Amino acid sequence: MSWLSSSQGVVLTAYHPSGKDQAVGGTHGKVGEEATPSRKYGQYTMNREVTKVLEKPPYDRSSSQDSLDELSMEDYWTELENIKKSSENRQDQEVVVIKEPDEGELEEEWLKEAGLSNLFGEAAGDPQESMVFLSTLTRTQAAAVQKRVETVSQTLRKKNKQYQIPDVRDIFAQQTESKEKAPDGTESQSVRTNENKYQGKDDQASSLVVGEKGLIPLVPDEAPASETDINLEVSFAEQAVNQKESSREKTQSSRGNDAPLLNFRLPKDKTGTTRIGDLAPQDMKKVCHLALIELTALYDVLGIELKQQKAVKVKTKDSGLFCIPLTVLLEQDQRRLPGTRIPLIFQKLISRIEEGGLETEGLLRIPGAAIRIKNLCQELEAKFYEGTFNWESVKQHDAASLLKLFIRELPQPLLSVEYLKAFQAVQSLPTRRQQLQALNLLVILLPAANRDTLKALLEFLQRVIDNREKNKMTTMNVAMVMAPNLFMCHALGLKSSEQREFAMAAGTANIMHLLIKYQKLLWTIPKFIVNQVRKQNTENHKKDKKAMKKLLKKMAYDREKYEKQDKNTNDADVPQGVIRVQAPHLSKVSMAIQLTEELKASDVLARFLSQESGIAQTLKKGEVFLYEIGGNIGERCLDDDTYMKDLYQLNPNAEWVIKSKPS
């Protein structure tokens, strides 16, 4: 592939398997006409006149890694063509109907999703109920909420609704006051201080996008890049504000192709990294509320419109394998195999592909025969759950085609109806850092079934990429092949023009690239959000404690006696600097452990497991985890590298329990 710049545009040329270059100037290729993207083996022009392209010799697709990277755009358009051909053979695809929102409806729905429905409408009540939540918000998060509350309030007034409509100034007055009197210094100060240690060179978004001067390519896997920690301690939106305030000139001056590119990694956190699945449901619900507000605040700061969509009418089958909602499919599977979190057919297709070996050249790129795929679908629908389907008859490339078919024919996209556009909008964010931050929040916001299935898919894709030396499928190649299957959701009735397809191609492939490469980071809950949950729990605990004391006083209990009993029971039986760890399902059910600077969660687990017999020790290793329970968190599974003394100082009232993760 080559990119030839001109003063009026740029030509993107890929090489035809015959060895001839192809460049088309517009739909019909006439000189002088304004060009629109034309597709044939992935060749495109974006200039107003045909640019002559020098011929290159024939290539061998398997001859070198470089040739594969050059041909990655061809992979995208070839995949799109295969999708269109396969959809012609399957006319039974149902369509999700999306309702256009009325004025203020989006904002009202947003407030409900953010857990703030009691600020308006029939549910409106004492705003004090939301004060605890609002008091934990950052400046940018509060501004995002305030903007939506104002819109809903104005809409309700226009409609002459008789509901109680609180004054926005009243809702946020107490929160503003609490920020000004924060005991640990002003928030803006802490934001700037923590942000500075993560500031490095400009992290220009690395993507294949149509720019003013041409096309900027995705960074190859082998491209040299410096590494830096991504800041999870400070609100992403606050970081964006600080970047705009402090380095606007620097950012503008370093937008060229020579800007250094960064690879991001998870920072080391002494209180432990929190991953999706580590928190109790009640805390995870709070995380989702905060993630929605933070994502909206980030998009507001960067001037990107965030519009959630809502499916109001879905015509779907209520049984089967393909064209079935994920939730319905999982209900079917859970009746057969309780605890299933990823559809059984999805798991089996991945397993079948892996049985054929991940070293197969062109894996995921080479399609199965369309008629054979159609017949296999029908046979699977009839025999899969009966256990009579002959998997030996499924070729590896057929299984890969079936896997992609399953994804794109979900009635609602894997990235969800609500957030598909938000995922697509990630390509509009100015830096790779901000793209990753937005993707991190979007992954958190996905429904659990979608998120678990997406994770299984990305882990599989990474295993394919790990064999790239033999299968010739780099991260870029895999991203190009998979992007159309995740982002071109035909169930939503999105009829794309070729112009729109061209605009989407590079951006969605870049997003797919980031999802694969940074999946470990994206399934992490940012520390600043976990800290906000801790603060909410602390404030709620104070309120509950006050209410309980009043109740006890009314019931004539001895208040002094209650307060003595209310002290943490751990303090009564262990000395200072020692924690009591419970392990009800192990041989050693309890142990007092001295806290030291170097003591980690893995060390605590090792002490308990050393008490088990040989076989039991092997079985339980990796199956049991140390949990932080109570205090300012509901329940949190600790990663092995958590420093116990640091965490104890953060949550001194917690209990420490070793147990297995719930399925």
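The protein chain appears in an unreviewed UniProt entry as Rho GTPase-activating protein 18 from Suricata suricatta. Check the Subunit (unreviewed entry) section of the UniProt entry for the protein chain; it says "Interacts with MPHOSPH6." You can read under Subcellular location (unreviewed entry) in the UniProt record for the protein chain the words "Cytoplasm".

**Considerations on the overall build of the protein chain**
In terms of regular secondary structure, the protein chain is built from 27 helices and 14 strands. Taken over 663 residues, the protein chain has a buried fraction of 50%. The contacts in the protein chain between residues at least 6 apart in sequence include a share of 76% that link residues at least 24 apart. With an accessible surface of roughly 31,700 Å², the protein chain has 49% of that area assigned to carbon and sulfur atoms.

**Focus: the side chain of R636**
Tracing the backbone through its elements, the reader meets R636 in strand β13 (residues 633-637). By relative accessible area, R636 is classed as buried at 1%. Among the polar contacts listed, one links the side chain of R636 to the backbone oxygen of T271, at a separation of 2.9 Å. Within the structure, the side chain of R636 is placed 2.8 Å from the side chain of T274, a separation counted as a polar contact. Once residues lying within four places of it in the same chain are set aside, the contact partners of R636 are T271, G272, T273, T274, D278, L279, R534, L626, Y627, E628 and L647.

**A closer look at the sheet that holds strand β11 (residues 590-594)**
Whether parallel or antiparallel, the strands of a sheet pair through hydrogen bonds between backbone atoms. As summarised here, the arrangement of the five strands in space is β11-β10-β14-β12-β13, forming an open sheet in which the pairing is mixed. Edge positions in the open sheet fall to β11 and β13, since each of these has one partner strand only. This sheet shows a mean twist of 25° between the axes of neighbouring strands, independent of strand direction. As paired elements, strand β10 (residues 578-582) and strand β14 (residues 655-660) share two bridges and run parallel to each other. Along β14, the bridge assignment pairs Q582 with V657.

**Some words on the pattern of salt bridges**
The full count for this structure, using the stated rule, is 22 salt bridges. Where K455 meets E459, a salt bridge forms, and the shortest distance between an N and an O atom there is 2.5 Å. Taken together, the residues K455 and E459, both in helix α17 (residues 448-465) and four residues apart, mark about one turn of the helix. The shortest N-O distance in the salt bridge between E628 and R534 comes to 2.8 Å.

**Here we look at helix α19 (residues 475-487)**
One turn of an α-helix holds 3.6 residues; hence residues three or four places apart share an orientation. In this model, α19 (13 residues) spans 17 Å end to end at C-alpha, consistent with the 18 Å of a helix rising 1.5 Å per residue. Along α19, the helix axis deviates most sharply at V481, where the bend reaches about 30°; the proline P484 sits within four residues downstream. Extensive coverage of α19 is indicated by the burial of 13 of its 13 residues.

**Describing the confidence of the model for the protein chain**
With 64% of its residues at a pLDDT of 70 or more, the protein chain has an overall mean of 76. The weakest mean pLDDT in the protein chain belongs to strand β3 (residues 44-45) at 32; the strongest belongs to α17 at 98. Here residues 1-71 is a poorly scored stretch, pLDDT under 50, and it has 144 contacts once near neighbours within four places are set aside; other chains count.

**Brief notes about the side chain of E238**
Looking at the secondary structure, you find E238 in helix α8 (residues 236-246). Accessibility expressed as a relative area gives 0% for E238, which makes it buried. For E238, the side chain forms a polar contact with the main-chain nitrogen of T140, separated by 3.0 Å.

**Things to note about the environment of K285**
Relative to the assigned elements, K285 resides in helix α10 (residues 281-301). Overall, the relative accessible area of 55% leaves K285 in the exposed class. Placed 171 residues apart in sequence, K285 and A114 show a C-alpha to C-alpha distance of 9.6 Å.

**Considering the nonpolar core**
Among the nonpolar cores identified, the biggest contains 132 residues, and Y299, L402 and L461 are the most heavily contacted of them. Top contributing element to this core by residue count: α10, with eleven residues. Both domain 1 (70-88 + 95-158 + 234-239 + 265-314 + 415-554) and domain 2 (316-411) contribute no fewer than three residues apiece to this core. Among the nonpolar cores identified, the runner-up in size contains 22 residues, and A601, V604, L605 and W656 belong to it.

**Overview of the pairing of strand β12 (residues 624-630)**
Where β12 meets β14, six bridges bridge the pair, whose relative direction is antiparallel. Bridging across to β14, Y627 finds its partner in V657. Strand direction decides the pairing type here: β12 and β13, joined by four bridges, are antiparallel. When the bridges of β13 are listed, G630 appears paired with I633.

**So, the packing of aromatic side chains**
In total, this model carries six aromatic pairs according to the counting rule given. Between F236 and F528, the aromatic rings sit 5.2 Å apart at their centres with planes inclined by 75°, giving edge-to-face as the arrangement. With F236 in helix α8 and F528 in helix α22 (residues 527-554), the pair connects residues that are 292 residues apart, well separated along the chain. Each of the two residues, F236 as well as F528, counts as buried. Taken together, a centroid distance of 6.3 Å and an interplanar angle of 70° make the contact between F322 and F406 edge-to-face. Taken together, the positions of F322 in the loop between β9 (311-314) and α11 (326-336) and F406 in helix α14 (residues 396-408) put the pair 84 residues apart, joining distant regions of the chain. Take F322 and F406: they sit in the same class, and that class is buried.

**What about unusual backbone geometry?**
Although it is not a glycine, S416 adopts a positive phi angle of roughly 75°. Note on placement: S416 falls in the loop between α14 and α15 (420-425). Residue S416 is classed as buried on the basis of its relative accessible area, which comes to 2%. With a phi angle near 60°, K472 is a residue other than glycine that sits in the positive phi range. Here K472 shows up in the loop between α18 (468-471) and α19.

Rules of the game
- Residues numbered from 1 in each chain as written.
- Predicted model: local features only at pLDDT ≥ 70, side-chain atom pairs only at ≥ 80, totals over all residues.
- Heavy atoms only, no water.
- UniProt positions renumbered as here; feature names shortened; annotations may be inferred.
- Helix = DSSP H or I, 4+ residues; strand = E, 2+ residues; numbered from the N terminus.
- Buried < 20%, exposed > 50% of the residue type's maximum accessible area, 1.4 Å probe, protein only.
- Contact = heavy atoms within 4.5 Å.
- Areas by Shrake-Rupley, 256 points an atom, 1.4 Å probe, with all protein chains shown as cover.
- Polar contact = N/O pair within 3.5 Å; in protein donor to acceptor, adjacent residues only side chain to side chain.
- Pairing = 2+ DSSP bridges.
- Axes fitted to C-alpha atoms, helices over the stretch in contact; angles between N-to-C directions.
- Salt bridge = Lys/Arg side-chain N within 4 Å of Asp/Glu carboxyl O.
- Expected span 1.5 Å × (residues − 1).
- Bend = angle between axes of the 7 residues up to and from the residue.
- pLDDT = per-residue confidence, 0-100.
- Core = buried A, V, L, I, M, F, W, Y, C linked by side-chain atoms within 4.5 Å.
- Domains from an automatic or database assignment.
- Phe/Tyr/Trp six-rings, centres within 6.5 Å; stacked < 30°, edge-to-face > 60°.

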